[in-house]
Amino acid sequence: MEKKTTQEQIRSNNGQDDDVIDLKELFFGLLASWKSILLAMLIGAILLGVYHTLFVRPSYRADAQIYITNTDSMISVADLQLSSALTEDYAKIIKSRTVLKRVIREMDLDMNFKQLEQLITVENPESTHIIHIYVTCDDLELSRNIANCLLNISVSQIYQIIGSSEPTVIDYAEADAVEELMPSFLRYLLMGALIGAALVGAVLVLRILMNTTLKTEEDIEKYLHMPVLSAVPFYEADDL
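Residues numbered from 1 in each chain as written. Predicted model: local features only at pLDDT ≥ 70, side-chain atom pairs only at ≥ 80, totals over all residues. Heavy atoms only, no water.

## Regarding the pairing of strand β1 (residues 59-67)
Logical step 1: The pairing of β1 with strand β5 (residues 179-181) spans 3 bridges and is classified as antiparallel. Within the sheet, the bridge partner assigned to S59 lies in β5 and is L181.
Logical step 2: Bridge analysis of β1 against strand β3 (residues 130-137) gives 8 bridges, and the strand direction is antiparallel. Residue pairing in the sheet places Y67 in a bridge with I130 of β3.
Logical step 3: As paired elements, β1 and strand β4 (residues 168-171) share 3 bridges and run antiparallel to each other. Bridge pairing links Q65 to D171 in β4. (Pairing = 2+ DSSP bridges. Helix = DSSP H or I, 4+ residues; strand = E, 2+ residues; numbered from the N terminus.)

Below you can see the structure in the form of C-alpha cells.
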C-alpha cells in the first residue's frame, strides 16, 4: 500500500511539472533561434516599407480659426468668464448635425454627416477664446474648402443660437497654409519588424511547448524523477 501511494505521488508531481512553463527554457530556445527571428524582422520591415511606399498616401489638414468674445467696447470680467464657459458649447455647435448637413448641401459632398464629422477636429487652446477648426482628408483643395465652408456656416449658426455677438474670424484656411501629414516611414519599418518578430516568436514558443521529447540527462531527472545510471554516447559516421 505504501509503494502504491508513493507511485501516485510521483505521477501527481509529474503532472504538476508538466503544467509549469519553464521560462528559462523558453528564453534559451528563442535565443537559439535568433537568426530566424532576425530574418522575420527583416522581412516584416521590408514588406511594410514597400506597403508604405506604394499604397500609403499623404493626408492634408486645413486650419481655420475664430475668436469668441463680446464685441462691446466695455468688456467686464463676467463677460470674459461667460465667453470662456461658452467656448465648449460653440465647439459642439460647429460639429452639430445641422451645421454638417448644411456644409454637405452647399458643397454637394458625396458623404453623410457622420463621415464628414470624422474629418473634423475642433480644439480650444487652454485659457483662450480661440477655436481652431481642423479638416483632414486626402485632398488639399477639398480640406481647405470644407474648412472655410464650415467656418462660415458655424459663425452664422453660433450667432443664431447664442445671439449675443457674432464670432470674429481670425484666419480662413488657405492652400499655402494647409499642412501635409505623412505617416512616418521609419514607424512602418519598426512596426513590420515587431510584427515579424512576434509572429515567429509565437511559432517558436508553440514548438517548444509542444515538444515533449527528453533530450538530456537533466530532462530525465527533472521530468521522470529517476537517476541516470548510464549513458550511451552518440557518434556520427564521420567520427568513427
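After presenting the structure, the write-up continues.
## Some remarks on a nonpolar patch on the surface
Logical step 1: Together, L39, L42, I43, I46, L47, V50, Y51, L54 and F55 make up a nonpolar patch on the protein surface, roughly 910 Å² of accessible area in all.
Logical step 2: Position of L54 among the secondary structure elements: in helix α3 (residues 34-55).
Logical step 3: Given the relative accessible area of 49%, L54 is considered partly exposed. (Patch = residues over 30% accessible without salt bridge, like charges linked within 9 Å, V, L, I, M, F, W, Y side chains within 5 Å. Areas by Shrake-Rupley, 256 points an atom, 1.4 Å probe, with all protein chains shown as cover. Salt bridge = Lys/Arg side-chain N within 4 Å of Asp/Glu carboxyl O. Buried < 20%, exposed > 50% of the residue type's maximum accessible area, 1.4 Å probe, protein only.)

## Some points on the pattern of salt bridges
Logical step 1: Using the criterion set out here, one finds 2 salt bridges in the structure.
Logical step 2: One salt bridge in this structure joins E179 and R61, with 2.9 Å as the shortest N-O distance. Here E179 is found in strand β5, whereas its partner R61 is found in strand β1, with 118 residues between them in sequence.
Logical step 3: Judged by its relative accessible area of 37%, E179 is partly exposed.
Logical step 4: A salt bridge links E141 to R144; the shortest N-O distance between them is 2.7 Å. Taken as a pair, E141 and R144 lie in helix α7 (residues 140-162) at a separation of 3 residues, close to a single helical turn.

## Here's the deal with helix α5 (residues 97-107)
Logical step 1: Burial in α5 covers these residues: V99, L100, V103 and I104. Mapping the buried residues of α5 onto a view down its axis gives an arc of 135 degrees, with all of them on the same face. Opposite the packed face of α5, turned more than 90 degrees from it, sit the exposed residues R97, R105 and E106.
Logical step 2: Just beyond α5, the residue with positive phi is D108, at close to 55 degrees. (Arc of directions from axis to C-beta.)

## Observations concerning the packing of aromatic side chains
Two measures describe an aromatic ring pair: the distance that separates the ring centres and the angle between the ring planes.
Logical step 1: Counted under the stated rule, the structure contains 2 aromatic pairs.
Logical step 2: On the basis of an interplanar angle of 35 degrees and a centroid distance of 5.5 Å, the ring pair of Y51 and F55 is categorised as tilted. Of this pair, Y51 and F55 both sit in helix α3, separated by 4 residues, roughly a single helical turn.
Logical step 3: The partly exposed category is assigned to Y51, whose relative accessible area is 42%. (Phe/Tyr/Trp six-rings, centres within 6.5 Å; stacked < 30°, edge-to-face > 60°.)

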